[in-house]
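# Structure at a glance
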Amino acid sequence: MKMNPVVHFEMPAEDSKRMADFYGKAFGWQTQILGPEMGNYVVVSTTENGENGMPKNPGAINGGFYQKTADPMSHAPSVVIAVDDIHEAMKKVEAEGGEIIGGSQGKNEPDNIPGVGLYMAFRDTEGNRVSLLQPAPRMEVHP
């Protein structure tokens, strides 16, 4: 069976700017706060990226900060797993006892994040919030 890698992490924030400032000053992470149309999500670079926007260092991942809500599932960090086919992965999650939490479009339709890909959250068998990402095709960058 093909292994699907962890490609992104997410952490909740009550104050996105405060959190971005903290990780920038404490660890040198670069942050970009997106607007309200993207839920004020903060894109986080933890390592040097190549021209394709992906980490240059093997094994390194980038992440993001999302707005913490009253929902307890939004209170803990989570990881994002890359998959080739998000709908097939959703079926496997449910077949193995996980629960699809859903995206903003509802329980059965992944969110389409422009330039990023299809995204869906789920709860694993231990109650952890985890996410799936079917990455959008990336353009090849040639020197």
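Presented here is an overview of the structure given in this document. (Residues numbered from 1 in each chain as written. Predicted model: local features only at pLDDT ≥ 70, side-chain atom pairs only at ≥ 80, totals over all residues. Heavy atoms only, no water.)

## Observations regarding helix 2 (residues 86-95)
Burial in helix 2 covers these residues: Ile86, Ala89, Met90 and Val93. The buried residues of helix 2 occupy one face: seen down the axis, they fall within an arc of 105°. Facing away from the buried side of helix 2 by over 90 degrees, the exposed positions are Lys91 and Ala95. Against the buried residues of helix 2 lie strand 6 (99-100), strand 8 (117-123) and strand 9 (129-135). One side-chain oxygen at the N-terminal end of helix 2 lies 3.0 Å from the backbone nitrogen of histidine 87; it belongs to aspartate 85. (Buried < 20%, exposed > 50% of the residue type's maximum accessible area, 1.4 Å probe, protein only. Helix = DSSP H or I, 4+ residues; strand = E, 2+ residues; numbered from the N terminus. Arc of directions from axis to C-beta. Contact = heavy atoms within 4.5 Å. Polar contact = N/O pair within 3.5 Å; in protein donor to acceptor, adjacent residues only side chain to side chain.)

## Concerning the packing of aromatic side chains
Under the defined criterion, the tally for this structure stands at 7 aromatic pairs. Ring plane angle 90° and centroid distance 4.8 Å describe the contact between phenylalanine 22 and tyrosine 23, whose orientation is recorded as edge-to-face. With a centroid separation of 5.5 Å and an interplanar angle of 45°, the aromatic rings of tyrosine 23 and phenylalanine 65 are classed as tilted. Of the two residues, tyrosine 23 is situated in helix 1 (residues 16-27) and phenylalanine 65 in strand 4 (residues 62-67); the sequence distance between them amounts to 42 residues. Across the pair, phenylalanine 65 and tyrosine 23 agree in class, each one buried. Each residue in the set Phe9, Phe22, Tyr23, Phe27, Trp29 and Phe65 is aromatic and connected to the rest through ring pairs, giving one cluster. Sitting over the face of the ring of tyrosine 66, arginine 129 holds its NZ or CZ atom 5.1 Å from the ring centroid. (Phe/Tyr/Trp six-rings, centres within 6.5 Å; stacked < 30°, edge-to-face > 60°. Lys NZ or Arg CZ within 6 Å of the ring centre and 35° of its normal.)

## Here's the deal with the pattern of salt bridges
By the definition in use, this model includes 6 salt bridges. Across the pair arginine 129 and glutamate 10 runs a salt bridge, and its minimum N-O distance is 3.7 Å. With arginine 129 in strand 9 and glutamate 10 in strand 1 (residues 6-13), the pair connects residues that are 119 residues apart, well separated along the chain. Judged on exposure class, the residue arginine 129 and its partner glutamate 10 are both buried. Between lysine 17 and aspartate 21 there is a salt bridge, with its nearest N and O atoms 2.9 Å apart. With lysine 17 and aspartate 21 both in helix 1 and 4 residues apart, this pair spans about one turn of that helix. (Salt bridge = Lys/Arg side-chain N within 4 Å of Asp/Glu carboxyl O.)

## Points about the side chain of serine 78
Relative to the helices and strands, serine 78 is located in strand 5 (residues 78-82). Assessed through its relative accessible area of 6%, serine 78 is described here as buried. Of note is the side chain of serine 78, whose polar atom sits 2.9 Å from the side chain of arginine 129. Residues contacting serine 78, with those up to four places away along its chain left out, are Phe9, Glu10, Arg129 and Val130.

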